[in-house]
Amino acid sequence: MIAIIDYGVGNLFSLCSSLRFIGADAVVTSKEDEIRTADKIILPGVGAFADAAEKLHSMHLDRLLCEEAARGKPLLGICLGMQLLFERSFEYGEHRGLGLLKGSVVPMKGVIPTELKIPHIGWNALHFTRKHPLFRYIKEEDCVYFVHSYFATDCADSVIATAEYGKELTAAVAYKNVMGCQFHPEKSGTVGLNILKAFCETERTR
Amino acid sequence: MITKRIIPCLDVKNGRVVKGVNFEGLSDVSSPVDLARYYSENGADELVFYDITASAEGRALFTDILTEVARTIFIPLTVGGGINTLDDFDRVLKCGADKVSVNSGAIKNPELVSAAAQKYGNQCVVLSADVKRVDGVFRVFAKGGRENTGMEAISWIKHCVEMGAGEVVVNSIDTDGVKGGFDLEMLSAVCSAVNVPVIASGGAGSPDHFLKLFREIPTIDAGLAASVFHFGEIRIPDLKKMLHENDITVRL
């Protein structure tokens, strides 16, 4: 069973449909017992970092997620959910994330050439920087769908794929059992479904 | 590098696709679900669903169909038609839409754009503008292109982007239905005015029109069309292959 964390951030419709399509058993939940007993956890998210971090905190989900990650349970953050895995974000001020991965989330503005539009929205090709089981069913240069204005940086420990948008932006991360996609696998056609499938097959690390 | 998007637009009336399509392997040409699946499996980068049903009864039917479509496809889905309030946004987003396109609703009440952007994020709000030249000036038209609002189009679009529209669909009434190519002059003017993705609509008649669009306006993000795709005059996989061979970055 996969627990999709429900903390009132973003639309979970497509994620649920995608998991159903690949035959994965998933539940949308914020209940501690369901999250504790799940084999895997997906942390989705769309919107502002500070609001989302605050919601996780006020619902006591931040500590729970860190404890479950420490137990080796596979955890996948998607979009803002990936950004929340990092130590901090500089989206409208400085805010603390879950700190499960080393690194920061910073604005694209001022970092990518001014002629490029922000958000980075649309289909872009993945460049693998490291071999990883999440990519076992996809190949280099496969396209996935992005929508974001901030990106993870100083995360050499965990970056496993980038996408070129004025510079190589962090597209996917993994460190032991903690994984994340900046893009939306649930909106990325067959390639995205194959990434979710690979995640569903990952094992606990310890 | 980010790819140029190819987007088919489906007009849905009373739960059926208007102007049914005859594709090989597609038994029910006016089923929105079958057609959406067909496109998503055949190279479409995104789908636009446009509800042309006015009645409340039709609306409920559309909502059911929309949910079914959203469940079936795993690419971005934009929904438009009759979006006048935040409740309308809420209704279609709950059915699984990713973005909501506003046109007449924004003209009647421009605050709708900022309120929706604040609530759902800019990426969710697509401004759709029907634009036509009147005495050499680009004017915004409402009610499906029937009514001249008198507003100058470029400043209207800029204003909506400032209020939070995260994407703009520019439909040129002058080139629409003529199949003589996209309105490059109008689209260039919009692209130079805003820094959000711009989607070209109106006038596609051949694959070359898409090539010309992406070549002559490098900042344009996507080309949208309806009948040329629906009637099989242009097959999206062939179109993308041709674009790729001509050095336009597309998702193959």
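Structure shown above.
Residues numbered from 1 in each chain as written. Chains lettered and ligands numbered in written order. Predicted model: local features only at pLDDT ≥ 70, side-chain atom pairs only at ≥ 80, totals over all residues.

A. Region of interest: the overall build of chain B. A tally of regular secondary structure across chain B gives ten helices and eleven strands. Whereas a compact globule of 252 residues would reach a radius of gyration of roughly 18 Å, chain B reaches 17 Å, a difference of no more than 12%. Viewed in the frame of its principal axes, chain B has a C-alpha envelope of about 45 × 45 × 35 Å. Partitioning the intrachain contacts of chain B with sequence separation of at least 6 by distance along the chain shows that 65% fall at a separation of at least 24. (Helix = DSSP H or I, 4+ residues; strand = E, 2+ residues; numbered from the N terminus. Rg over C-alpha atoms; globule rule 2.2 N^0.38 Å. Contact = placed C-beta atoms within 7 Å.)

B. Spotlight on the interface of chain B and chain A. At the interface, 21 residues of chain B touch 24 residues of chain A. Residues of the side of chain B that touches chain A, tallied by class, amount to nine nonpolar, six polar and six charged. (Nonpolar A, V, L, I, M, F, W, Y, C, P; charged D, E, K, R; others polar.)

C. Layout of unusual backbone geometry. Residues and elements named next belong to chain A. The omega angle of the peptide bond from Ile118 to Pro119 is 5°, so this bond is cis rather than trans. For His60, which is not a glycine, the phi torsion comes out positive at approximately 60°. Summarising the element assignment, His60 is placed in the loop between helix H3 (49-58) and helix H4 (61-70). Look at His60 and you get exposed, because 11 C-beta atoms sit within 10 Å. Phi angles above zero are rare outside glycine, and Lys176 is one such case at about 55°. By the element assignment, Lys176 lies in the loop between strand S13 (168-175) and strand S14 (178-181). Judged by the 14 C-beta atoms lying within 10 Å of it, Lys176 falls in the partly exposed class. (Buried ≥ 20, exposed ≤ 12 C-beta atoms within 10 Å, placed from the backbone.)

D. Looking closely at the pairing of strand S2 (residues 26-29) of chain A. Residues and elements named next belong to chain A. Sheet topology places strand S1 (residues 2-5) next to S2; four bridges connect them, and they run parallel. Bridged to Ile4 within S2 is Val28. Between the parallel elements S1 and S2, the chain passes through helix H1 (residues 13-21) in a crossover that is right-handed. (Pairing = 2+ DSSP bridges. Right-handed = clockwise from strand over helix to strand, strands pointing away.)

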